[in-house]
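Fold and contact review
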Amino acid sequence: MTADPFLAGFQLRDIDADGIRIRAAVGGSGPPVLLLHGHPQTHATWHAVAPPLAGHHSVVAMDLRGYGDSQKPEGGERHANYAKRAMAADAVAVMRHLGHDRFAVVGHDRGGRVAHRLALDHPDAVTRLAVLDIAPTATMYARTDKAFATAYFWWFFLIQPAPLPERLIAADPEFFLRTHVEGQSKTPGSPSPALFAEYLRVYRDPATRHAICEDYRAAAGIDLEHDAADAERRIAVPLLALWGAQGTVGRTYDVLATWREKAADVRGAALDCGHTLQEERPDLVLAALRDFLA
């Protein structure tokens, strides 16, 4: 184990999640909480939230398969290796390896979609669920219009057959990444230069870029099939939804209403920021999580 350069007081570990190597940062003590990042971030996105949260919780922040320093398997038939079901299974395996059979889950962006699937596939493992700046995947696809498709163009660009998006991004990964990140953040200086450099480090890897495309391809195909099969199911544990008041999700959807179609006990609020809440307003995210997890 080595010290995490972004999460103060955390140790980095490589964990075998039933055959997939997952990088995780582990710290703190108390009731367990799993933090799941989105695209194009890594677990380092929680640098301002995880250390103070670890004062009262055992916190695990992992890199999703395909992202950060976790293993990047081939996509497989119908991109099933990047289905949120597969990613959720990774998360359960990581937490069990660390001795946590039941835990709270907090997911931002893609990580929120993994967290949603985790709560459906492993209901006995999840005590509470928090999702940051997303509406349910099936809802967002079903209600797509010109405004949403324009704002979230990568949902439709990254799902194109390989190697089209991979090769186009490869021409200038830094430009694509910077444009994406700066377009979603509404807070000057977020992310910090050091954090952006960390995201760029892994984004320069062709295997990462391909895995990210596979993640989105799965979301537009096999994930929707899984969601359709569970359309009548409701998440039973308490669900907290937070979103950026200046972001696309908050402008486009009644976020709480979309989650009340999926869960029995929903609460939440908008925060004064853009898409990446935990980086733009970590103080407000931390306060909301402390109250929710208490």
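Conventions we followed
Residues numbered from 1 in each chain as written. Predicted model: local features only at pLDDT ≥ 70, side-chain atom pairs only at ≥ 80, totals over all residues. Heavy atoms only, no water. Helix = DSSP H or I, 4+ residues; strand = E, 2+ residues; numbered from the N terminus. Rg over C-alpha atoms; globule rule 2.2 N^0.38 Å. Buried < 20%, exposed > 50% of the residue type's maximum accessible area, 1.4 Å probe, protein only. Contact = heavy atoms within 4.5 Å. 1 Å grid on protein atoms, 1.4 Å probe; cavity = no way out; pocket = protein on both sides within 12 Å on 5 of 7 lines; lining within 4 Å. Points joined across faces, edges and corners; volume = space filled by probe spheres on them. Nonpolar A, V, L, I, M, F, W, Y, C, P; charged D, E, K, R; others polar. Core = buried A, V, L, I, M, F, W, Y, C linked by side-chain atoms within 4.5 Å. Axes fitted to C-alpha atoms, helices over the stretch in contact; angles between N-to-C directions. Parallel < 35°, antiparallel > 145°, perpendicular 65-115°, else oblique. Expected span 1.5 Å × (residues − 1). Polar contact = N/O pair within 3.5 Å; in protein donor to acceptor, adjacent residues only side chain to side chain.

Per an unreviewed UniProt entry, the recorded name for the chain is Alpha/beta hydrolase, and the organism is Methylorubrum podarium.

A few words now on the overall build of the chain. Helix and strand counts for the chain come out as 15 helices and nine strands. Taking 294 residues into account, the globule formula puts the C-alpha radius of gyration at 19 Å, and the chain, at 17 Å, falls close to it. Here the chain holds 294 residues, and 57% of them are scored as buried. Excluding contacts between residues fewer than 6 apart, the proportion of contacts in the chain whose partners are at least 24 apart in sequence is 74%.

We now examine empty space enclosed by the protein. Using the criterion set out here, one finds one cavity of 30 Å³ or more in the structure. A volume near 190 Å³ is recorded for the largest cavity. Broken down by secondary-structure element, the contributors of at least two residues to the lining of the largest cavity are α2 (84–97), α3 (110–121), α4 (137–142) and α11 (222–229). Among the elements that line the lining of the largest cavity, the one with the most residues is α3, at four residues. A breakdown of the residues in the lining of the largest cavity according to their chemical character gives five nonpolar, three polar and nine charged.

What follows is about the nonpolar core. Of all hydrophobic cores here, the largest spans 70 residues; its most connected members are Leu-34, Met-62, Val-105, Leu-118, Leu-129 and Leu-239. No other element matches the seven residues that α2 contributes to this core. The next biggest cluster of nonpolar side chains, apart from the first, holds 27 residues, and it includes Ala-25, Val-106, Val-285 and Leu-293.

Moving on, we get to the layout of surface pockets. There is about 210 Å³ of room inside the largest pocket. Looking at the lining of the largest pocket, the elements with two or more residues in it are α8 (173–184) and α12 (248–252). Here the lining of the largest pocket is composed, by residue class, of six nonpolar, seven polar and three charged.

With that settled, the discussion passes to the packing of α2 against α3. With their axes 8 Å apart at the nearest point, α2 and α3 run at an angle of 80° to one another. Between α2 and α3, the interaxial angle falls into the category roughly perpendicular. Taken together, the residues of α3 that come into contact with α2 (itself represented by Lys-84, Arg-85, Met-87, Ala-88, Ala-91 and Val-92) are Arg-110, Arg-113, Val-114, Arg-117, Leu-118 and Asp-121. Among the residues making up the contact of α2 with α3, the classes are represented as six nonpolar, no polar and six charged.

What follows concerns unusual backbone geometry. With omega at 5°, the peptide bond leading from Ala-162 into Pro-163 counts as cis. Here Pro-163 is to be found in the loop between α6 (154–157) and α7 (164–170). Even without glycine at this site, Arg-78 takes up a positive phi of about 60°. Relative to the assigned elements, Arg-78 resides in the loop between β5 (58–62) and α2.

Here helix α10 (residues 206–219) spans 20 Å end to end across 14 residues, near enough to the 20 Å set by a 1.5 Å rise per residue. Counting buried positions along α10 gives 11 out of 14 residues, so the element sits mostly inside the fold. Of the residues making up α10, those classed as buried are Thr-208, Arg-209, Ala-211, Ile-212, Cys-213, Glu-214, Asp-215, Tyr-216, Arg-217, Ala-218 and Ala-219. Among the residues of α10, the N-terminal cap falls to Asp-205, whose side-chain oxygen and the backbone nitrogen of Ala-207 are separated by 2.9 Å.

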